[in-house]
Amino acid sequence: MAAQNQEVIVTNDLWKIYRLGKIDYPALCGVSLKVRRGEFIALVGPSGSGKSTLLNLFGALDRPTKGQVLIDGVDISRLSDDKLAELRNKKLGFVFQTFNLLAYMSAADNVEVPLIASGKPSRARKEKALEALALVGLKGFELNKPSELSGGQQQRVAIARALTNDPKIILADEPTGNLDSKSAAEIIGVLNTLNKNNGVTVIMVTHNLQLTKYCHRVWWLKDGILEKEVVQNA
Ligand SMILES: Nc1ncnc2c1ncn2[C@@H]1O[C@H](COP(=O)(O)OP(=O)(O)O)[C@@H](O)[C@H]1O
Ligand SMILES: [Mg+2]
């Protein structure tokens, strides 16, 4: 199989049912899909349609009620918690709406955080952090604290932090949700560059269709069902 056709994420009849008291609330109702290596995919749909639930299942941040998630062909429900954590650390990078940076640390130190447990020597960690910051266009801002950076720059630090383990896949949940339109466009530009130049597979939840222009496919979720797929000439 050609490398670009490899399926990095596959779901089969994926269900997530939240139990609230005695009531079952189905948040995902049998989602089957395939993400190929190197794709940039947008996940859109109304609030409460299950976007975050689906993204969290892709990222093994949560376990499905029923159905399978395969990452690189491995059914993650069969992995122990340790192996799951390892898979998350090695293959996945997460970016959220809130940047979740540590306020008292510089940009470079924030980016280094995920590497601390890696066993890499301090010098190699620092090099990696600087490299990741350069990749998101933050050369020169390494020593700035989050409060000394704009919202868009803070999100770029968060993306750099997600890149330190060289993830194959970036899962971004409304990464521009807290940003003005100019900063949002910059963040989409960074994700697009990572996708095009670095071969990172990107799956992004967004409310804003204008931000999906680089996406190869747009998936529409409604009431926990994948309602529609639009293929784009990105
Ligand atoms: N931890 C939870 N417990 C109970 N219900 C939840 C939980 N997380 C999400 N839900 C419900 O599942 C549905 C889908 O939520 P979510 O995936 O967050 O939607 P979206 O990201 O599209 O806004 C919503 O109705 C939400 O209220
Ligand atoms: Mg959400």
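Let me sum up the structure you'll find in this document. Each residue is numbered by its place in its chain's sequence as written, counting from 1. Each chain gets a letter, beginning with A, and each ligand a number, beginning with 1, in the order they are written. Predicted model: local features are reported for residues with pLDDT of at least 70 only, side-chain atom pairs are reported and counted for 80 or more only, and whole-chain, interface and lining totals are derived from all residues.

## Section: the site of ligand 1
Alright, step 1. Using a C-beta atom placed from the backbone for every residue, we mark a residue as near a molecule or strand if that atom lies within 6 Å of it. Lining the immediate environment of ligand 1, one finds Tyr18, Leu20, Tyr25, Ala27, Gly45, Ser47, Gly48, Ser49, Gly50, Lys51, Ser52 and Thr53.
Alright, step 2. Secondary structure elements follow DSSP: runs of H or I of four or more residues count as helices, runs of E of two or more count as strands, with numbering from the N terminus. Among the secondary structure elements, those contributing two or more residues to the shell around ligand 1 are β1 (7–20), β2 (23–36) and α1 (51–58).
Alright, step 3. No other element matches the three residues that α1 contributes to the shell around ligand 1.

## Focus on helix α4 (residues 122–135)
Alright, step 1. If you check α4, its first and last C-alpha atoms are 20 Å apart, about what 14 residues at 1.5 Å a residue would give, namely 20 Å.
Alright, step 2. Residues of α4 that are buried sit in contact with α3 (107–112) and α5 (151–163).
Alright, step 3. Phi for glycine 137, located one or two positions after α4, is positive at around 80°. Multiplying one less than the number of residues by 1.5 Å gives the expected span of a helix. Residue pairs qualify as contacts under a 7 Å threshold applied to their C-beta atoms, which are placed from the backbone.

## Re the sheet that holds strand β4 (residues 66–71)
Alright, step 1. In space, the four strands of this open sheet follow the order β2-β1-β4-β5, with antiparallel pairing throughout. The sheet is open, and its two edges are formed by β2 and β5 (74–75), each paired on a single side.
Alright, step 2. Two strands qualify as a pair provided DSSP detects at least 2 bridges between them. Where β1 meets β4, five bridges bridge the pair, whose relative direction is antiparallel. Bridging from a neighbouring strand, valine 10 pairs with leucine 70 of β4.

## A closer look at the pairing of strand β10 (residues 225–231)
On a regular strand, one side chain projects to one face of the sheet and the next to the other, so that they alternate.
Alright, step 1. Summarising the sheet, strand β9 (residues 217–222) and β10 pair through six bridges and their orientation is antiparallel. Bridge assignment links tryptophan 219 to a residue of β10, and that residue is glutamate 229.

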